[in-house]
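Summary of structural features
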Amino acid sequence: MILALCVDDKGGMAFGGRRQSMDRVLRADLLAAAEGRSLRMSPYTAKQFDPLPPNAVVGEDFLQGAGEEDFCFAEFPPLAPWLKDTKVIYLYRWNRVYPADAWLDFDPVSAGFVLREQVEFPGHSHKLLTKEVYTR
């Protein structure tokens with residue numbers, strides 16, 4: 001699978017059972033990267049997309065059974081158990097700190113991934129977003 005995640009500067013992902021933030025430019029970048037492949041996500045994550053993209057696969061168990069080329073947009077840990085099935089990680093950074101009580105539960109480099117690409121771009125609601133692409 002290809003795992004897509006968003007984190008703050010401290011690795012935070014969520015607070016009070018809700019995502020920390022969202023950005024429509026980030027979603028557009030993710031949709032472009034996932035073009036021609038399934039984009040799997042939870043029903044909660046699907047609410048970010050209006051309209052829902054035609055390649056969306058929505059379900060509570062969206063990580064279960066994901067194929068090698070499927071994008072999985074995950075907003076909540078635990079994610080480390082899925083690393084054995086992950087070949088690429090798209091890690092989007094908000095470049096700020098938000099309140100958090102749920103954090104990314106692995107470090108890509110320590111988990112055996114190599115940073116292959118790093119791109120900074122302006123978001124809609126964020127002055128600067130960073131996309132890091134890691135591969136095995």
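Residues numbered from 1 in each chain as written. Predicted model: local features only at pLDDT ≥ 70, side-chain atom pairs only at ≥ 80, totals over all residues. Heavy atoms only, no water.

**Some thoughts on the sheet that holds strand β3 (residues 18-19)**
This is how the line gets drawn: Only strands joined by at least two bridges in the DSSP assignment are considered to pair. Helix and strand assignments follow DSSP, with helices taken as H or I runs no shorter than four residues and strands as E runs no shorter than two, numbered in order from the N terminus.
If you walk across this open sheet you meet the 3 strands as β3-β2-β8, and the pairing is antiparallel. Two strands lie at the open edges of the sheet, namely β3 and β8 (102-103), each paired on one side alone. Sheet analysis places strand β2 (residues 12-15) next to β3, joined by 2 bridges and oriented antiparallel. Paired with Phe15 across the two strands is Arg18, which belongs to β3.

**A few points about the sheet that holds strand β1 (residues 2-7)**
Threshold: Note on method: axes are straight lines fitted to C-alpha atoms, helices fitted across the in-contact stretch only, with angles between N-to-C directions ranging 0 to 180 degrees. In what follows, residue pairs with any heavy atoms lying within 4.5 Å of each other are defined as contacts.
Strands sit in the order β5-β4-β6-β1-β7-β10-β9 across an open sheet of 7 strands; the sheet is mixed. A single partner strand is all that each edge strand has here, and the edge strands are β5 (56-58) and β9 (114-121). Along the sheet, successive strands turn relative to each other by an average axial angle of 20°, direction set aside. For strand β4 (residues 39-41) and strand β6 (residues 71-73), the ladder comprises 3 bridges, and the chain directions are parallel. Bridge assignment links Met41 to a residue of β6, and that residue is Phe73. On the sheet, helix α1 (residues 24-33) packs against β1, β4, β6, β7 (88-93), β9 and β10 (129-135) and is oriented at approximately 165° with respect to β7.

**Details of α1**
Heads up, the rule is: Type-normalised accessible area, obtained with a 1.4 Å probe on protein chains alone, sets the label of each residue: buried when under 20%, exposed when over 50%, and partly exposed for intermediate values. Directions pointing from the helix axis toward each C-beta atom define the arc. Here a polar contact is taken to be a pair of N or O atoms separated by no more than 3.5 Å, where protein atoms must pair a possible hydrogen donor with a possible acceptor and residues adjacent in sequence count only if both atoms sit in side chains.
Within the sequence span of α1, burial applies to Leu26, Arg27 and Leu30. With its buried residues spanning 100° around the axis, α1 presents them on a single face. Away from the buried face of α1 by more than 90 degrees, exposed residues Arg24 and Ala32 are located. If you follow the buried residues of α1, they end up packed against β1, β4, β6, β7, β9 and β10. Structurally, the start of α1 carries an N-cap: the backbone nitrogen of Val25 is 2.8 Å from a side-chain oxygen of Asp23.

**Description of unusual backbone geometry**
Put simply, Asp50 and Pro51 share a cis peptide bond, and its omega is 5°. Tracing the backbone shows Pro51 in the loop between α2 (43-46) and β5. Positive phi values are uncommon outside glycine, yet Asn95 reaches one of about 60°. Note on placement: Asn95 falls in the loop between β7 and β8.

**Notes on the pattern of salt bridges**
In a structure, side chains of opposite charge can pair up when their charged atoms sit close to one another. Here is the rule: When a carboxyl oxygen of Asp or Glu lies within 4 Å of a side-chain nitrogen of Lys or Arg, that pair is called a salt bridge.
Tallying each qualifying case throughout the model produces 8 salt bridges. The salt bridge partner of Asp70 is Arg40, with a shortest N-O separation of 4.0 Å. Placement of Asp70 in the loop between β5 and β6 and of Arg40 in strand β4 is noted, with a sequence separation of 30 residues between them. A salt bridge links Lys87 to Glu68; the nearest nitrogen and oxygen atoms lie 3.8 Å apart. Of this pair, Lys87 sits in the loop between β6 and β7 while Glu68 sits in the loop between β5 and β6, and the two are 19 residues apart along the sequence. Overall, Lys87 belongs to the partly exposed group, its relative accessible area being 27%. The structure contains a network of salt bridges with shared partners spanning Arg37, Glu68, Glu69 and Lys87.

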